[in-house]
Amino acid sequence: MIKLEQINKTYYTGAPLHVLKGIDLEIGRGELVSIMGASGSGKSTLLNILGILDGYNTGNYWLNGVLIKNLSESKAASYRNKLIGFIFQSFNLISFKNAMENVALPLYYQNVGRRARNRTALEYLEKLGLKEWAHHMPNELSGGQKQRVAIARALIAKPQIILADEPTGALDSKTSAEVIEILKQVNADGMTMIIVTHESGIANQTDKIIRLKDGIIEQIEDNSMHDSSVFGFGNIK
Ligand code: ADP
Ligand code: MG
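Residues numbered from 1 in each chain as written. Chains lettered and ligands numbered in written order. Predicted model: local features only at pLDDT ≥ 70, side-chain atom pairs only at ≥ 80, totals over all residues. Heavy atoms only, no water.

Draft legend 1. Examining the site of ligand 1 more closely. All residues adjacent to ligand 1 are Y11, T13, L17, V19, A38, S39, G40, S41, G42, K43, S44 and T45. Note that an oxygen atom of ligand 1 is positioned 3.2 Å from one of the backbone N or O atoms of S41. G42 places a main-chain nitrogen or oxygen 3.0 Å from an oxygen atom of ligand 1. Those elements that provide at least two residues to the shell around ligand 1 are β2 (17-27) and α1 (43-50). The element best represented in the shell around ligand 1 is α1, accounting for three residues. (Near = heavy atom within 4 Å. Polar contact = N/O pair within 3.5 Å; in protein donor to acceptor, adjacent residues only side chain to side chain. Helix = DSSP H or I, 4+ residues; strand = E, 2+ residues; numbered from the N terminus.)

Encoded structure:
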């Protein structure tokens, strides 16, 4: 589904910064993958390239067999909207829209009418146990509730891949465990899921752990025999 070949990325915003230094990676449909690495190692840069939010300088990125390279902004947006759902550490909800309207937003960009998109948004909020919160504004929700709204928003357009950049980074450990449980359920239903995390307790619940160091993949750990029922004590081989 995802294939990266010798991806290099340099930022030229100030002094040139070579962030990704030859990334080779394959991720199959339905996989549950985590990306770990120190702050600044290039995790978000890699995720942004996978999500077609940012480009790369050299190498090749194939998504479903399509070479993702030098796309026009409209082509990139079209692939992104169809194929990819995003979840961020800071939730990225729109503060002046209620939970339902936030969830419905991706359907707005698909030109779905207001009534239909709000109805679908309510269904997704219900799936995530938030039906009663549909008309609340983000600042009236707890962190865990906000992230569940963001998950509903990521799911509503039925993407093929979810990219989550430190989705539990702003949550306490109990809420983190609940959010990860939801993401694992979504993956169990067939969604390809890539989670950037600092926490080995989370990474250990994924099938494959990619360790980034200074822009290079230091190790890819096959963790597919993990015992998913035991939080933080996976990797039983
Ligand atoms: P991580 O997510 O692993 O913490 P990032 O991918 O965010 O790392 O960043 C990797 C390096 O690239 C850091 O040194 C960061 O400061 C730098 N960086 C990230 N985004 C940009 C940008 N838009 N312009 C310039 N430098 C950036
Ligand atoms: Mg980051």
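Draft legend 2. Spatial organisation of α1. Burial analysis of α1 places six of its eight residues in the buried class, which makes it a mostly covered element. Looking one or two residues past α1, I52 carries a phi angle of roughly 55 degrees, positive in sign. (Buried < 20%, exposed > 50% of the residue type's maximum accessible area, 1.4 Å probe, protein only.)

Draft legend 3. Quick peek at helix α6 (residues 173-188). Over its 16 residues, α6 runs 22 Å from end to end, which matches the ideal 22 Å to within 8%, given 1.5 Å per residue. Those residues of α6 that are buried lie in contact with β3 (32-36), β6 (84-88), α5 (143-155), β8 (192-196) and α7 (200-203). Capping the start of α6, D172 holds a side-chain oxygen 3.1 Å from the backbone nitrogen of K174, two or three residues further along. Just downstream of α6 lies G190, where phi reads positive at about 115 degrees. (Expected span 1.5 Å × (residues − 1). Contact = heavy atoms within 4.5 Å.)

Draft legend 4. Up close: the sheet that holds strand β5 (residues 66-67). Taken in spatial order, the four strands line up as β2-β1-β4-β5 in an open sheet, and their pairing is antiparallel. One side of each edge strand has no neighbouring strand; the edge strands of this open sheet are β2 and β5. Bridge count for strand β1 (residues 2-11) against strand β4 (residues 58-63) is five bridges, and the pairing is antiparallel. Residue N8 lies in a different strand from β4, and its bridge partner there is T58. (Pairing = 2+ DSSP bridges.)

Draft legend 5. Broad picture of the environment of I202. In this fold, I202 is placed in helix α7. Counting along the chain gives 26 residues from I202 to S176, while the straight-line C-alpha distance between them is 8.9 Å.

Draft legend 6. Fine view of the layout of surface pockets. Estimated volume of the largest pocket: approximately 460 Å³. Taken together, 14 residues form the lining of the largest pocket, with N81, I84, F86, P106 and R153 sitting closest to its centre. Considering each element in turn, the lining of the largest pocket owes the most residues, four residues, to β6. Here the lining of the largest pocket is composed, by residue class, of nine nonpolar, three polar and two charged. The space that makes up the second largest pocket amounts to roughly 310 Å³. Among the elements of the structure, α4 (114-127), α5 and α6 are those that each provide at least two residues to the lining of the second largest pocket. When grouped by side-chain class, the residues that make up the lining of the second largest pocket number seven nonpolar, two polar and four charged. (1 Å grid on protein atoms, 1.4 Å probe; cavity = no way out; pocket = protein on both sides within 12 Å on 5 of 7 lines; lining within 4 Å. Points joined across faces, edges and corners; volume = space filled by probe spheres on them. Nonpolar A, V, L, I, M, F, W, Y, C, P; charged D, E, K, R; others polar.)

Draft legend 7. Region of interest: the nonpolar core. By size, the foremost hydrophobic cluster in this structure holds 35 residues, and its most contacted members are V103, L125, V149, I151 and L183. For this core, the secondary structure elements donating two or more residues are α3 (99-108), α4, α5, β7 (161-165), α6 and β8. With residues up to four places along the chain from it excluded, the contact list for V103 reads A121, Y124, L125, V149, A152, R153 and I156. By size, the runner-up hydrophobic cluster in this structure holds 31 residues, among which are Y61, I68, I194 and L212. (Core = buried A, V, L, I, M, F, W, Y, C linked by side-chain atoms within 4.5 Å.)

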